[in-house]
Amino acid sequence: MPKKKLGLEDLGGFVYSTKDDFDGNEQNETQETLAPQDQYLEAHFSNKGRGGKTVTIIKGFEGSNEDLVVLGKKLKKKCGVGGSAKDGEIIIQGDDREKVMEILKKDGYNVKRVGG
């Protein structure tokens, strides 16, 4: 029995577009990072979908993924915990909202506590 094709990657990278001026080699535009005083961030608390482990989530960052990762590294280092930065969010292990908010405010970010 032949192997079933499961997704686009199984088709060999073929892309079809109805766009007249489509170029398959287009690169995503890099988003320019706003200055800290122009950023409006939200500090959330969550433990859903993480086996009961608590995390602090920073949402609302507008800028390049590289700058998001740099800010995430800085927050993780200052809090002394692990975490990740992806999809426009910074996830810090543990409930360190107050500490994270203090660090962000010192750097000039507008940050607001959201949730309980």
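As shown above, the structure is provided for reference.
Model, not experiment: these values are computed from the prediction.

**Regarding unusual backbone geometry**
Then, number 1: Positive phi values are uncommon outside glycine, yet Asp-87 reaches one of about 55 degrees.
Then, number 2: Tracing the chain through its elements places Asp-87 in the loop between strand S3 (83–86) and strand S4 (89–93).
Then, number 3: Take Asp-87: its relative accessible area is 72%, and that puts it in the exposed class.

**Regarding helix H1 (residues 65–79)**
Then, number 1: If you check H1, its first and last C-alpha atoms are 21 Å apart, about what 15 residues at 1.5 Å a residue would give, namely 21 Å.
Then, number 2: What H1 keeps buried is the set Leu-68, Leu-71, Gly-72, Leu-75 and Cys-79. End-on view of H1: buried residues confined to an arc of 105 degrees, all on one side of the axis. Exposed side of H1, more than 90 degrees from the buried face: Glu-66, Val-70, Lys-73 and Lys-77 are the residues found there.
Then, number 3: Among the structural elements, strand S2 (55–59), S3, S4 and helix H2 (97–106) are those in contact with the buried residues of H1.
Then, number 4: Phi turns positive one or two residues past the end of H1, at Gly-80, with a value near 70 degrees.

Reading the values: the criteria
- Residues numbered from 1 in each chain as written.
- Predicted model: local features only at pLDDT ≥ 70, side-chain atom pairs only at ≥ 80, totals over all residues.
- Heavy atoms only, no water.
- Helix = DSSP H or I, 4+ residues; strand = E, 2+ residues; numbered from the N terminus.
- Buried < 20%, exposed > 50% of the residue type's maximum accessible area, 1.4 Å probe, protein only.
- Expected span 1.5 Å × (residues − 1).
- Arc of directions from axis to C-beta.
- Contact = heavy atoms within 4.5 Å.

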